[in-house]
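What follows is the residue order along each chain.
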Amino acid sequence: MITLSSDFGSPYPAAMRGVLLSDTTTQLVDIAHDFPRQDVRTAAFWLREILPYFPPAVHLVVIDPTVGTDRRALAIKAGEHALVGPDNGVLIPPARALGDLEVFEIPIEDPASSTFHGRDVFAPAAARIHELGRASFPDDSAFRETTDYEDFAFPDPEITAEGVRGEVLVVDGFGNVITNIPGEVLQGRMGASVAVNGDTAPTARSYAMVAPGERLVTIGSHANVELAVNQGRGDEAFGVNPGSTIEMTW
Amino acid sequence: MITLSSDFGSPYPAAMRGVLLSDTTTQLVDIAHDFPRQDVRTAAFWLREILPYFPPAVHLVVIDPTVGTDRRALAIKAGEHALVGPDNGVLIPPARALGDLEVFEIPIEDPASSTFHGRDVFAPAAARIHELGRASFPDDSAFRETTDYEDFAFPDPEITAEGVRGEVLVVDGFGNVITNIPGEVLQGRMGASVAVNGDTAPTARSYAMVAPGERLVTIGSHANVELAVNQGRGDEAFGVNPGSTIEMTW
Amino acid sequence: MITLSSDFGSPYPAAMRGVLLSDTTTQLVDIAHDFPRQDVRTAAFWLREILPYFPPAVHLVVIDPTVGTDRRALAIKAGEHALVGPDNGVLIPPARALGDLEVFEIPIEDPASSTFHGRDVFAPAAARIHELGRASFPDDSAFRETTDYEDFAFPDPEITAEGVRGEVLVVDGFGNVITNIPGEVLQGRMGASVAVNGDTAPTARSYAMVAPGERLVTIGSHANVELAVNQGRGDEAFGVNPGSTIEMTW
């Protein structure tokens, strides 16, 4: 199985599908191709949350703002999974969620285009790893182990006696605000109100537990604190964006 | 084969794909993930029209505005097909189009999230039904037969001597207005004009049979009367929306 | 393998998927379903660029502005591939990129709808060709060889001593302007500036080689000259659209 993730929109992912299926026989599964353009951080978050639900697979990830420069191409063995993509940090959070990391450099050979390494570099490498097997691909001399790669980690929240100070990681397509604050801080507080950036809001187990249009603080499906509005947009109601500081006090 | 339908946009459906493929080996086929948010009626219409074109399959349907409340989770055996989703009516019109119904309740076990039953409740149930076989899953003790579920049916039009009074079921992405009026009422009238909500429009077999920008009344691909504009939007030209009354007189 | 391309948006492609999988067992691969509505030229360009990356397959293509008129339905054998779609030129550029052409007419039988030949005519024909085998389908008496079909070719650029005069073929979703000018004209000029419609712009191997927001002239992934902006839209910065004339002088 090979999964595909990119910020390419349409129809560029189809060329990657063609290359993959020319080079190997497998099931292709789309994660998403509408990740925000050139936004390494947002894609890294979603892939960290989603890829662990998959059985062992090769994950092709092309969020690649510096394509055509001297940034390197990586193949990472992570537990029983393999990830393939650019060396800009996007692979690291999902890889760490999948297992221990072994990182390899993929050689970039001419005549790859300078603008579409998804098709010309990463898809052929993903197909090759699928052919070789995820467990044994690192033995192939085409891949050279490296410890010199761009790392990336999301910030940790600060938990204090009076509350917690974290930040917004991403806003989903519904407008739900996903923070880096662990849902456990709400344990024992469900049904009560909390102060969020100085303004109170009720806590609730799910959206429909408050009236339509009302704000709520909940534990999202990623087990983090989410700020939401039932049948509305939490980002607008709470006035926050990815990167905004969130201070919650009890 | 398992089909997937939701109003999740992107990238949430990918987590359901991962769960399904972790729990069973099968071909996944997307119906759509951009159904209007929390709009049970529109999704029920499209699924009623589309699912009968499929071979026997398990159909995972997650249009779920009351996730996290006490609404139940259902698995329905309908002819040679099975449908899995929330108990809010969305499964019923497509299930009736696929065969006779046997309705079962899916237990919701902790520690499911309160906000993403598509991933935590419905996808595992769909995979289990695929593993057990669509014909024999009702024998599994995990599923309890029930007659207590939320029903849903689309309204019938009123056909009179002078014409017909129906309503708009949905508007498609092209702006074509799909009504609940059976296309047969136009038989013998093709090429003539009819009055629609008091204003005349020509009938025609297809869009390109009137000039670009012109209105037409046609028999759509669902065999219902459609109001359309060649290379334009019928909903705007006829001034109607889902739920609007349509009165046609001859 | 059957690939699917259309301008249907959502959820109409799902009905085609159902018909294909009812009639044959195969892997389905989406090219795109958001090709610009009724725009034969743009779809023909993308399919010419993308389909050659695929292994031998049946390609179902439904960009069909004259559905329901007397336009014919075609099946084309092109090398080891087959293409199925309307007789309006959309199949020809990709077919020529895949091999030598043999063109066949698909009979349109009642009771096909007049508005959705993708589901009622083309998908059944694509499934039948997949069942018969791409090599041998022309022997099936259901398909009648024809030399009478609508041809289509993109214009060639004019290369002169002082420069080149071409045109914009398409603008991609990033705003990159893809011209019909072969990338070779930039050989030996990389890093220099060229005049584009009277205004100079730097040439560069990739987007990130100029500052964010800066214009560049590059060789795109289709080996043609592209006008782009790093992290911006080339179409707006250069003030051009599909069909616009591009004059480059050295």
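Residues numbered from 1 in each chain as written. Chains lettered and ligands numbered in written order. Predicted model: local features only at pLDDT ≥ 70, side-chain atom pairs only at ≥ 80, totals over all residues. Heavy atoms only, no water.

A. Focus on unusual backbone geometry. Residues and elements named next belong to chain A. In the segment running from Ser10 into Pro11, the intervening peptide bond is cis, with an omega of 5 degrees. Mapped onto the elements of the fold, Pro11 is located in the loop between strand E1 (2–6) and helix H1 (12–23). With a phi close to 50 degrees, Asn197 is a non-glycine residue in the positive phi region. Assignment of secondary structure puts Asn197 in the loop between strand E11 (193–196) and strand E12 (199–202). (Helix = DSSP H or I, 4+ residues; strand = E, 2+ residues; numbered from the N terminus.)

B. The arrangement of the sheet that holds strand E3 (residues 58–62) of chain C in detail. Residue and element names in this part refer to chain C. Pairing in this open sheet of 7 strands is mixed, and the strands run E2-E1-E3-E5-E4-E6-E7 from one edge to the other. Unpaired on one side and paired on the other, strand E2 (28–32) and strand E7 (144–145) mark the two borders of the sheet. Where strand E4 (residues 73–78) and strand E5 (residues 81–86) come together, 6 bridges link them in antiparallel fashion. Considered in E5, the bridge of Ala78 is made with His81. Strands strand E1 (2–6), E3, E4, E5 and strand E6 (101–106) of the sheet are contacted by helix H4 (residues 117–132), whose axis makes an angle of about 170 degrees with E3. (Pairing = 2+ DSSP bridges. Contact = heavy atoms within 4.5 Å. Axes fitted to C-alpha atoms, helices over the stretch in contact; angles between N-to-C directions.)

C. Just the packing of helix H1 (residues 12–23) of chain B against helix H4 (residues 117–132) of chain B, in detail. Residues and elements named next belong to chain B. It is the contact of H1 with H4, at a shortest axis distance of 9 Å, that shows an interaxial angle of 35 degrees. H1 and H4 meet at a crossing whose hand is right-handed. Contacts between H1 and H4 involve Ala15, Met16, Val19, Leu20 and Asp23 on the former and, on the latter, Gly118, Arg119, Ala123, Pro124, Ala126, Ala127 and Glu131. The residue makeup of the contact of H1 with H4, split by class, is 8 nonpolar, 1 polar and 3 charged. (Left-handed = near helix turned anticlockwise from the far one by under 90°. Nonpolar A, V, L, I, M, F, W, Y, C, P; charged D, E, K, R; others polar.)

D. Highlighting the relation of the copies chain B and chain A. After a rotation of 120 degrees and a shift along the axis of 0.0 Å, chain B superposes on chain A with an RMSD of 0.0 Å. As the rotation angle and translation indicate, the two copies are arranged about a three-fold axis. When each C-alpha of chain B is compared by its distance to the rotation axis, Gln27(B) comes out closest, at 4.7 Å. With a heterologous cut-off of 20% or less, the 4% of interface residues of chain B that recur at the interface of chain A puts this contact in the heterologous class. (Least-squares fit on C-alpha atoms with pLDDT ≥ 70 in both.)

E. Highlighting the side chain of Lys77(C). Assignment of secondary structure puts Lys77(C) in strand E4. Sequence-distant contacts of Lys77(C), defined by excluding residues within four places in its chain, comprise Asp100(C), Leu101(C), Glu102(C), Phe104(C), Arg134(C), Ala135(C), Phe137(C) and Pro138(C).

F. Main features of the interface of chain B and chain A. Counting residues at the interface gives 27 residues for chain B and 27 residues for chain A. Carbon and sulfur atoms supply 58% of the area buried between chain B and chain A, which totals about 2,200 Å² over both sides. Considering only the side of chain B, the residues that lose the most area to chain A are Pro11(B), Tyr12(B) and Thr115(B), jointly responsible for 26% of the buried surface there. Run the count over chain B and chain A and you get 0 salt bridges. One can count 12 residue pairs in polar contact (both at pLDDT 80 or more) joining chain B with chain A. For the side of chain B that touches chain A, the residue count by class is 11 nonpolar, 12 polar and 4 charged. (Buried area = accessible area lost by both parts, 1.4 Å probe. Salt bridge = Lys/Arg side-chain N within 4 Å of Asp/Glu carboxyl O. Polar contact = N/O pair within 3.5 Å; in protein donor to acceptor, adjacent residues only side chain to side chain.)

G. Examining the interface of chain C and chain A more closely. Opposite the 27 residues of chain C that make contact, chain A presents 27 residues. Interface area lost by chain C to chain A is led by Tyr53(C), Phe174(C) and Ser221(C), which between them contribute 29%. Counting the contacts that link chain C with chain A gives 0 salt bridges. Taken together, chain C and chain A are joined by 12 residue pairs in polar contact (both at pLDDT 80 or more). The element best represented in the side of chain C that touches chain A is E2(C), accounting for 4 residues. Here the side of chain C that touches chain A is composed, by residue class, of 16 nonpolar, 7 polar and 4 charged.

H. Fine view of the environment of Leu101(A). Residue and element names in this part refer to chain A. Checked against the element boundaries, Leu101 lands in strand E6 (residues 101–106). The class for Leu101 is partly exposed, based on a relative accessible area of 23%. Contact partners of Leu101, with chain neighbours within four places excluded, come to Ile76, Lys77, Ala78, Ile92, Ala95, Arg96 and Tyr149. (Buried < 20%, exposed > 50% of the residue type's maximum accessible area, 1.4 Å probe, protein only.)

I. Region of the structure containing H4(C). All names here are of chain C. Helix length check: H4 (16 residues) gives 21 Å between terminal C-alpha atoms against 22 Å at 1.5 Å per residue, within 8%. Most pronounced at Ala123, the bend in H4 amounts to some 30 degrees, and the proline Pro124 follows within four residues. Turning to H4, its buried residues number three or more, namely His117, Gly118, Arg119, Val121, Phe122, Ala123, Ala125, Ala126, Ala127 and Ile129. In this structure, the buried side of H4 is in contact with E1, helix H1 (12–23), E3, E4, E5 and E6. Phi turns positive one or two residues past the end of H4, at Gly133, with a value near 100 degrees. (Expected span 1.5 Å × (residues − 1). Bend = angle between axes of the 7 residues up to and from the residue.)

J. How the structure looks around the packing of aromatic side chains. As enumerated under the stated definition, the model contains 30 aromatic pairs over all chains in all. Judged by centre distance (5.2 Å) and plane angle (80 degrees), the rings of Trp46(B) and Tyr12(C) are edge-to-face. In this pair, Trp46(B) sits in helix H2 (residues 40–50) while Tyr12(C) sits in helix H1, so the two residues belong to two different chains. In terms of burial, Trp46(B) and Tyr12(C) fall into one category: buried. Linked through ring pairs, Phe8(A), Tyr12(A), Phe116(A), Phe45(C), Trp46(C), Phe152(C), Phe154(C) and Phe174(C) together constitute an aromatic cluster. Here the guanidinium or amino end of Arg215(A) rests over the ring plane of Phe238(A), the centre of that ring lying 4.3 Å away. (Phe/Tyr/Trp six-rings, centres within 6.5 Å; stacked < 30°, edge-to-face > 60°. Lys NZ or Arg CZ within 6 Å of the ring centre and 35° of its normal.)

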